[in-house]
Amino acid sequence: MRMVEVKNAATASSPFERVARMASGNAVVVFSVSSCCMCHVVKRLLLGLGVGPTVYELDQLDKAGSCEIQAVLEHLLAAGVATGGAGCSSTPTAPSATAVAVPAVFVGGKLLGGVEKVMSCHINGSLVPLLKQAGALWL
């Protein structure tokens, strides 16, 4: 697992572009909060599968950058972008007006979703093939 510290928030022209740039930096990227138990579950699952995700701990970023990233993640999750995201074959989930921003998992630069989507893909057997397709697993 690679923990990343983001120093310069002004490198992307919008928060959406910043999240897109961060999400495409590795085969698997997790936006997390260090004290969140569901974030811990997702990170442990990925590590247990042999994936070394890049992890952005939002509570360890500067306050302004963290708030912007959380707002973007909430928007993406609430808009239903994660519905069937990144090729997961689970049943689409209804968009939620109260989407929780973390954990947010990106696979191959595309939003997979939160803990429910990741666990659903794991249980139905589509997570490992998705991770292989993104280059996060070789076996």
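Scroll up for the structure.
Residues numbered from 1 in each chain as written. Predicted model: local features only at pLDDT ≥ 70, side-chain atom pairs only at ≥ 80, totals over all residues. Heavy atoms only, no water.

A. Seen up close, helix α4 (residues 115-123). What α4 keeps buried is the set Val 115, Lys 117, Val 118 and Cys 121. Those residues of α4 that are buried are in contact with α2 (37-48), β4 (104-107), β5 (110-113) and α5 (127-134). Positive backbone phi, approximately 85°, marks Gly 125, located one or two places after α4. (Buried < 20%, exposed > 50% of the residue type's maximum accessible area, 1.4 Å probe, protein only. Helix = DSSP H or I, 4+ residues; strand = E, 2+ residues; numbered from the N terminus. Contact = heavy atoms within 4.5 Å.)

B. Quick look at unusual backbone geometry. Note the cis peptide between Val 102 and Pro 103, where omega equals -5°. Within the secondary structure, Pro 103 sits in the loop between α3 (63-78) and β4.

C. Expanded view of the packing of aromatic side chains. This model, assessed by the stated rule, comprises two aromatic pairs. Measuring from ring centre to ring centre gives 5.3 Å for Phe 31 and Tyr 56, while their planes differ by 20°; the resulting arrangement is stacked. One end of the pair, Phe 31, is in strand β2 (residues 28-32); the other, Tyr 56, is in strand β3 (residues 54-57), with 25 residues separating them in the sequence. The buried category is assigned to Phe 31, whose relative accessible area is 0%. (Phe/Tyr/Trp six-rings, centres within 6.5 Å; stacked < 30°, edge-to-face > 60°.)

D. Up close: the environment of Pro 53. Among the structural elements, Pro 53 can be located in the loop between α2 and β3. Taking C-alpha positions, Pro 53 is 7.8 Å from Lys 43, a pair spaced ten residues apart along the chain.

E. Geometry of α5. Those residues of α5 that sit buried are Leu 127, Leu 130 and Leu 131. For α5, the arc enclosing every buried residue in end-on projection is 100°, short of the 170-degree limit, so these residues lie on one face. Next to the buried residues of α5 lie β2, α2, β4, β5 and α4. Just beyond α5, the residue with positive phi is Gly 135, at close to 85°. (Arc of directions from axis to C-beta.)

F. Structural view of the pairing of β4. Alternating residues of β4 divide into Ala 104 and Phe 106 and Val 105 and Val 107, and every residue in both groups is buried. Sheet analysis places β2 next to β4, joined by four bridges and oriented antiparallel. When the bridges of β4 are listed, Val 29 appears paired with Phe 106. With three bridges joining them, β4 and β5 adopt antiparallel strand pairing. Bridging from a neighbouring strand, Val 105 pairs with Gly 113 of β5. Linking two consecutive strands that pair antiparallel, namely β4 and β5, is a turn of two residues; a positive phi of about 60° is found at Gly 108 within it. (Pairing = 2+ DSSP bridges.)

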